[in-house]
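Single-letter residue listing:
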Amino acid sequence: MAAPEISVGEPVTASDTTSTAPARRAPLTRRVLALAALLIPLNAWWLTETEYVRYTDNVTTQALFFNVITLLLLLVGVNRILRAVRPAWVFTPQEMVALYVIVAVASGLAGHDTLQILFTTLTFPIRNASVQTDWTDKIVRHLPGHLVISDKEAIDALYSGNSTLYRWEHVQPWLVPLGWWAFFTLLLVWTMLCLVTLFRRQWDAERLTYPIAEIPLQVIAEERTLFRTPLLWLGFAVGASFQLSNLIHALFPSVPAVTTGVHNFSTNVFPWSAAGPLPLTSYAFAYGLTFLLPTQLGFSVWFFFLLSRLELVGAAMLGYTEWGKFPYVQQQGVGAIFGFFLAIVWAARGHLTRVWRMATGDRSVALDDSEEPLPYRLAVWGLIAGMGGLVCFAVAAGMQWHTALLYLGILFIIIVVTARIRAELGLPTFELYQVGADQVLPRVAGTNAWTHGDMTVMSLFFFLSRTHRQFPMQVQVDAMHLGRRTQTPLRSLTAVTLLASAFGIVAAFWAFLHATYRVGYESAEFQGPAVWAFGRAPWQKMEGWLGSPTPPDTGTIQAYLFGTVFTLFLSAMRARFVWWPFHPAGYLVSGSFGLFRLWLPIFVSWLVKVLLLRYGGLGAYRRALPFFLGLVLGEFAAGFLRSVLDLAFGLYLPAGSGIGGL
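Residues numbered from 1 in each chain as written. Predicted model: local features only at pLDDT ≥ 70, side-chain atom pairs only at ≥ 80, totals over all residues. Heavy atoms only, no water.

Draft legend 1. Molecular detail of the overall build of the protein. Along its length, the protein carries 27 helices and two strands. A compact globule built from 662 residues should have a C-alpha radius of gyration of about 26 Å, and the protein, at 24 Å, falls within 12% of that. Expressed as lengths along the three principal axes of its C-alpha atoms, the size of the protein is roughly 70 × 65 × 55 Å. Counting every position in the protein, which comprises 662 residues, the buried fraction comes to 58%. Restricting the contact set of the protein to residue pairs at least 6 apart, pairs at least 24 apart contribute 83%. Surface summary for the protein: the accessible area is close to 25500 Å², and the carbon and sulfur share equals 66%. Of the charged side chains in the protein, 44 are positive and 37 negative, and the gap between their average positions amounts to 8 Å. (Helix = DSSP H or I, 4+ residues; strand = E, 2+ residues; numbered from the N terminus. Rg over C-alpha atoms; globule rule 2.2 N^0.38 Å. Buried < 20%, exposed > 50% of the residue type's maximum accessible area, 1.4 Å probe, protein only. Contact = heavy atoms within 4.5 Å. Areas by Shrake-Rupley, 256 points an atom, 1.4 Å probe, with all protein chains shown as cover. Lys, Arg positive; Asp, Glu negative; His and termini not counted. Charge placed at Lys NZ, Arg CZ, Asp CG, Glu CD.)

Here it is as structure tokens:
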């Protein structure tokens, strides 16, 4: 295996970056388009059944989706056959990148943290408006008519099930609302693509390593050497055994299984009980992905996680035991987001200034943007137009202008930060759970500062602020890095992303409607948490705002400020001193539920990596890396096979029994 391709998560030298990529070729061939037309709707249906209805797997809560990795493995197998029988038909690396991006983009949109949330949010208040809830007056009459479905019969059939989408009276009520939401989502995708264009060159100049993208890159560009490594196959067998043993155990309970998933351990002993349950997780892929983390970040993540638990214990000893209050662990994380964003923009200030001058017609600035995803001028003005369109959409839905600007401003700060974390650090997952603009604005100004329309639109935008885990920009930054490493034209990948997004949005809405009219939200067959987690949660929160107004929260504001300043301090120390061990991103995600559940794999993989580098050097790390890549590939491939068998044979495996819980 070529050394430059596997030195993931560590600094590289100039000699390490010598490119051996093949000649540049267009990725959008006829067979790629044909496969995209087949795979996108099939993938949307599979995701809906697996994540939404049966809830046996959480495919899209990880940074790396196991369906797209399995697709690449299948393409590698197909290429092996084609090389023997018809070499001219072998899929090129550029075609494989395009197919990876197409399915990853479509999966992110149809997945657990995006349109699945929106679709459920739209119907819940109308279904549950009654004399008892008084939601007709409190909520339903304030809903924008062009964005929600008001046909009660169509909604009732959706919840009761045993019906079908393929009746005009069920199709017609959805056309206008879902058309507007498709436009809004595509506008989000476009705006994020503009941001990727503006930051891509700067982030490459900072030598970000894109660790998550390294796994598909290895499969695509290094498959001839990667799959000849015995350690990879050992890791593959270990990873696959995790999922296959669980499958056998589900079918034959007397057969023991490898313990995987999230298991919480708690104590009733005060004050240690204030730390909450301690999760232990043993997914094979988690050990593999966390091995790719830079050692500084791996240390910072588990250190700040333990520190946050000690903060809670210390606060309890002082008498502070109320959830969400002092020591304001999650609120410190929000402040850290703002601080991290300021550090990102400050580091890029020179580049962004030159881009702005070029976009506004300053001919003294000579920047070659021919290799960028979009021309700089189009990216700058496209970003402004995209943000303007999003603000207009929010205002038309009932939000005040200044509220829309504040809400979307906070949202895009979080989007840039999560994309940067993905590009620089490659966290296997994270979950900034309900700490976004719909939490910040009421806490800072009090709930009475916002109108009924503001609260309604914030509730409709719940899919943007529930977890902040799978924004399209995160897949986009990886896509452009894959393009650079495989000599795939970035502008072609921009077209791939936009086409996959447009088709993926339509396919996702179709799959949700197809499944829910058949199954019904309120039937025993629907196992997922969508009704209470995506449907009830935002509207109950709005009901709380209306029924129990709260003043500005001084403690939260102070925690925001502290988190911002402390993160800037950590960033400054890291920039000035090589020996500084604390990464600001570790502090930022210390309150993340997703990483909270992965502290054990992060600690174990960090310790193994530190020992390898300390006693064996970079050579030992590189020799061990295929084993950890194999853990990821093996569990992902076996997990996908398990889900296919579940659907094909109607096994109805227990909810959460696959790759999930993060």
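This is not the end of the story, as more comes after the structure.
Draft legend 2. Here's a closer look at helix H15 (residues 349-359). By the burial criterion, the buried members of H15 are His351, Val355, Met358 and Ala359. Looking down the long axis of H15, one finds its buried residues gathered within 95 degrees of arc, a one-sided arrangement. For H15, the elements touching its buried residues are helix H8 (168-205) and helix H16 (376-397). Following H15 by one or two positions, Gly361 adopts a phi angle in the positive range, close to 95 degrees. (Arc of directions from axis to C-beta.)

Draft legend 3. A look at the pattern of salt bridges. This structure, assessed with the given rule, holds 29 salt bridges. Notably, a salt bridge pairs Arg31 with Glu95, separated by 2.8 Å at the nearest N-O pair. With Arg31 in helix H2 (residues 30-54) and Glu95 in helix H4 (residues 93-110), the pair connects residues that are 64 residues apart, well separated along the chain. In this structure, Asp438 engages Lys541 in a salt bridge whose closest nitrogen and oxygen atoms are separated by 2.8 Å. Residue Asp438 is found in helix H18 (residues 437-445), and its partner Lys541 is found in helix H23 (residues 530-547); the two are separated by 103 residues along the sequence. (Salt bridge = Lys/Arg side-chain N within 4 Å of Asp/Glu carboxyl O.)

Draft legend 4. The arrangement of a nonpolar patch on the surface in detail. Residues Ile248, Leu251, Phe252, Val255, Phe649 and Leu651 make up a contiguous nonpolar surface patch of roughly 550 Å² in combined accessible area. Residue position: Phe252 is located in the loop between helix H11 (230-251) and strand S1 (262-265). (Patch = residues over 30% accessible without salt bridge, like charges linked within 9 Å, V, L, I, M, F, W, Y side chains within 5 Å.)

Draft legend 5. Inspection of the nonpolar core at higher detail. Among the nonpolar cores identified, the biggest contains 209 residues, and Trp181, Trp203 and Phe509 are the most heavily contacted of them. It is H8 that provides the largest number of residues to this core, a total of 16 residues. When neighbours within four sequence positions are excluded, Trp203 is seen to be in contact with Leu208, Tyr210, Ile344, Val416, Ala419, Arg420, Ala423, Met473 and Val477. (Core = buried A, V, L, I, M, F, W, Y, C linked by side-chain atoms within 4.5 Å.)

Draft legend 6. Region of interest: the environment of Asn79. Looking at the element boundaries, Asn79 is found in helix H3 (residues 66-85). Along the primary structure Asn79 and Thr92 are separated by 13 residues, whereas in three dimensions their C-alpha atoms are 9.1 Å apart. With near-sequence residues (within four places) excluded, Asn79 lies in contact with Val90, Phe91 and Met96. Within the local environment of Asn79, its side chain forms a polar contact with the backbone nitrogen of Phe91, the two atoms lying 2.8 Å apart. (Polar contact = N/O pair within 3.5 Å; in protein donor to acceptor, adjacent residues only side chain to side chain.)

Draft legend 7. Just the packing of H18 against helix H24 (residues 554-576), in detail. Running from N to C, H18 and H24 point in directions that differ by 120 degrees, and their axes come no closer than 8 Å. When the axis of H18 is compared with that of H24, the two are oblique. When the axes of H18 and H24 are compared, the crossing they make is left-handed. On the side of H18, the interface is formed by Gln439, Val440, Arg443 and Val444, while H24 contributes Thr556, Ile557 and Tyr560. (Axes fitted to C-alpha atoms, helices over the stretch in contact; angles between N-to-C directions. Parallel < 35°, antiparallel > 145°, perpendicular 65-115°, else oblique. Left-handed = near helix turned anticlockwise from the far one by under 90°.)

Draft legend 8. Main features of the packing of H8 against H16. Packing of H8 against H16 brings their axes to within 9 Å, and their N-to-C directions diverge by 145 degrees. Considering how the two elements wind past one another, H8 and H16 form a crossing that is left-handed. Seen from H8, the contacting residues are Trp180, Trp181, Phe184, Leu187, Leu188, Trp190, Thr191, Cys194, Leu195, Thr197, Leu198 and Arg201; seen from H16, they are Tyr376, Leu378, Ala379, Val380, Gly382, Leu383, Gly386, Met387, Gly389, Leu390 and Phe393. Partitioned by chemical class, the residues of the contact of H8 with H16 number 17 nonpolar, five polar and one charged. (Nonpolar A, V, L, I, M, F, W, Y, C, P; charged D, E, K, R; others polar.)

Draft legend 9. Seen up close, the state of the cysteines. Under the definition given, this model contains zero disulfides. In this structure Cys194 is a free cysteine whose sulfur lies 16 Å from that of Cys392, the closest cysteine sulfur available. Since its relative accessible area comes to 0%, Cys194 is described here as buried. (Disulfide = S-S within 2.5 Å.)

Draft legend 10. Main features of the pairing of strand S2 (residues 278-281). Side chains Pro279 and Thr281 of S2 all project onto a buried face; the interleaved residues Leu278 and Leu280 project onto a face where none is buried. Pairing geometry for S1 and S2, over four bridges, is antiparallel. Following the sheet pairing, Phe265 is matched in S2 by Leu278. (Pairing = 2+ DSSP bridges.)

Draft legend 11. Structural view of unusual backbone geometry. The omega torsion of the bond from Phe270 to Pro271 falls at 5 degrees, within 30 degrees of zero and hence cis. Considering the arrangement of structural elements, one finds Pro271 in the loop between S1 and S2. Residue Pro327 is bonded to the preceding Phe326 through a cis peptide linkage, with omega at 15 degrees. Topologically, Pro327 is positioned in the loop between helix H13 (295-317) and helix H14 (329-347). One non-glycine residue, Asn162, adopts positive backbone phi at about 55 degrees. With a phi close to 60 degrees, Arg207 is a non-glycine residue in the positive phi region. Among the structural elements, Arg207 can be located in the loop between H8 and helix H9 (211-221). Residue classification places Arg207 among the partly exposed positions, given a relative accessible area of 45%.

Draft legend 12. A look at the environment of Phe462. Within the fold, Phe462 resides in helix H20 (residues 462-465). Beyond its immediate sequence surroundings of up to four residues, Phe462 is in contact with Ile117, Thr121, Gln434, Asp438, Ala533, Phe534, Ala537, Pro538 and Lys541.

Draft legend 13. Structural context of the environment of Leu633. Turning to its location among the elements, Leu633 is positioned in helix H27 (residues 599-649). In this structure Leu633 comes out as buried when scored by relative accessible area, which is 1%. As for Leu633 and Glu95, which are separated by 538 residues in sequence, their C-alpha atoms are 20 Å apart. Among residues more than four places away in sequence, those in contact with Leu633 are Ile69, Leu73, Ile215, Val219, Phe227, Leu232 and Phe236.

Draft legend 14. Broad picture of the packing of aromatic side chains. One pass over the structure, following the stated rule, counts 50 aromatic pairs. Their ring planes at 90 degrees and their centres at 5.1 Å tell us that Trp302 and Phe603 sit as a pair that is edge-to-face. Linking Trp302 in helix H13 with Phe603 in helix H27, this pair joins segments that are 301 residues apart in sequence. On the numbers, 5.2 Å between centres and 75 degrees between planes, the contact of Tyr521 with Phe526 is edge-to-face. (Phe/Tyr/Trp six-rings, centres within 6.5 Å; stacked < 30°, edge-to-face > 60°.)

Draft legend 15. Quick look at the confidence of the model for the protein. Here the protein averages 92 in pLDDT, while 96% of its residues score no lower than 70. For the protein, per-element mean pLDDT is lowest for helix H1 (residues 3-6), which scores 33, and highest for H16, which scores 98. Under a pLDDT of 50 for its full length, residues 1-22 has, in the predicted model, 52 contacts with residues more than four places off or in other chains. (pLDDT = per-residue confidence, 0-100.)

Draft legend 16. Structural view of H18. What H18 keeps buried is the set Ala437, Asp438, Gln439, Val440, Leu441 and Pro442. For H18, the elements touching its buried residues are H14, helix H17 (401-424), helix H19 (452-460), H20, H23 and H24. In the stretch just after H18, Gly446 is the one whose phi turns positive, near 85 degrees.

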